[in-house]
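Structural features, examined
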Amino acid sequence: MHASPVVLVLASGRGERFRASGGQGSKLQALLAGRPVLAHTLDAVRASGLPWHVEDAGHPGMGDSIAAGVRATADAAGWLVLPGDLPLVRPQSLQAVAAALQQASVVVPVHEGSRGHPVGFRREHREALQALTGTEGAAAIVRAHPPLRLELDDIGVVTDIDTLDDLARAERLLAVR
């Protein structure tokens, strides 16, 4: 069993909102500062030092992706569910959510009042996570187990790329970092 939780990088989304906003192809492959969005996210994951798994098999919904990722890493102590479209998340934020799982079975990072990612789950939620399907992700588990709200000074936990405007905003935030 992994001593620390595994970061589950969700990279199977279809990116329909991104294309509807005028984007071409996959939002995860869209260029941010000259590199794909997913490459930025994976840089932060690697720098965190936590074990990780990319789930990119093209599942129909976020719940299905989470379930597949948890099944693939079933021996983990817990999971940090991180959509692949959060290119500005800081490695320290991943570490902070992982550490907070010592105090609570579900941890939700918050930035200036907005809930973000990665959402952390301890091992006791494995079966429920493996049973997820559909587009809602793990929201039902979070509702059933009131999470520890972890306030982080990291706009990256709430900066996801769903549209071309989001990509432009992330580019501006990256430039001032």
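For the structure itself, look to the data block above.
Presented here is an overview of the structure given in this document. Fair warning: this is a prediction, and the values are worked out from it, not measured in the lab.

1. Thoughts on the overall build of the chain
Of the regular secondary structure elements, the chain holds 7 helices and 9 strands. What you see for the chain is a C-alpha radius of gyration of 15 Å, in line with the 16 Å of a compact globule of 177 residues. Oriented by its inertia axes, the alpha-carbon framework of the chain measures out at about 40 × 35 × 25 Å. Burial analysis of the chain (177 residues in total) assigns 49% to the buried set. In the chain, once contacts between residues fewer than 6 apart in sequence are set aside, the share between residues at least 24 apart is 72%.

2. Topic: the pairing of strand S5 (residues 78-83)
S5 sits mainly inside the fold: 6 of its 6 residues count as buried. The side-chain alternation of S5 yields two buried faces, one formed by Gly78, Leu80 and Leu82 and the other by Trp79, Val81 and Pro83. Direction of pairing for strand S1 (residues 6-10) relative to S5: parallel, over a ladder of 5 bridges. Note on S5: the bridge partner recorded for Val7 is Leu80. In terms of strand pairing, S5 meets strand S8 (residues 119-122) through 4 bridges, oriented antiparallel. Residue pairing across strands places Trp79 opposite Phe121, the latter belonging to S8.

3. A closer look at the pattern of salt bridges
According to the stated counting rule, one finds 9 salt bridges in the structure shown. Asp43 is the partner of Arg35 in a salt bridge, and the nearest nitrogen-oxygen pair spans 2.8 Å. Note on Asp43: relative accessible area 32%, which makes it partly exposed. Within the structure, one salt-bridge network assembled from shared partners comprises Arg17, Lys27, Asp85 and Asp162.

4. Thoughts on the side chain of Ser48
By secondary structure assignment, the location of Ser48 is in helix H2 (residues 37-48). At 3.1 Å, the side chain of Ser48 forms a polar contact with the backbone nitrogen of Leu50. When near neighbours in sequence (up to four residues on either side) are disregarded, Ser48 contacts Pro91, Leu94 and Gln95.

5. Some points on the nonpolar core
Val7, Leu80, Leu82, Leu94 and Val107 are the most contacted members of the largest nonpolar core, which has 23 residues in total. Taken together, the elements giving at least two residues each to this core come down to S1, H2, S5 and helix H4 (91-100). Setting aside residues up to four positions removed in sequence, Leu80 forms contacts with Pro5, Val6, Val7, Leu8, Leu50, Leu94, Val97, Ala98, Leu101, Pro118, Val119 and Gly120. Listed in part, the 18 residues of the second largest apolar core include Val6, Ala67, Val70 and Val142.

6. Considering the pairing of S8
Sheet analysis places strand S6 (residues 106-111) next to S8, joined by 2 bridges and oriented antiparallel. Bridge pairing links Val107 to Gly120 in S8.

7. So, the environment of Gly22
Mapping Gly22 onto the fold places it in the loop between helix H1 (16-20) and strand S2 (31-32). In sequence terms Gly22 and Ala100 are 78 residues apart; their C-alpha atoms lie 39 Å from each other.

8. Focus on unusual backbone geometry
With an omega of 10°, the peptide bond running from His117 to Pro118 counts as cis. Of note, Pro118 is situated in the loop between strand S7 (114-115) and S8. At Ala33, a residue that is not glycine, the phi angle is positive and equals roughly 55°. With respect to the helices, strands and loops of the structure, Ala33 is situated in the loop between S2 and strand S3 (35-36).

What counts and how
Residues numbered from 1 in each chain as written. Predicted model: local features only at pLDDT ≥ 70, side-chain atom pairs only at ≥ 80, totals over all residues. Heavy atoms only, no water. Helix = DSSP H or I, 4+ residues; strand = E, 2+ residues; numbered from the N terminus. Rg over C-alpha atoms; globule rule 2.2 N^0.38 Å. Buried < 20%, exposed > 50% of the residue type's maximum accessible area, 1.4 Å probe, protein only. Contact = heavy atoms within 4.5 Å. Pairing = 2+ DSSP bridges. Salt bridge = Lys/Arg side-chain N within 4 Å of Asp/Glu carboxyl O. Polar contact = N/O pair within 3.5 Å; in protein donor to acceptor, adjacent residues only side chain to side chain. Core = buried A, V, L, I, M, F, W, Y, C linked by side-chain atoms within 4.5 Å.

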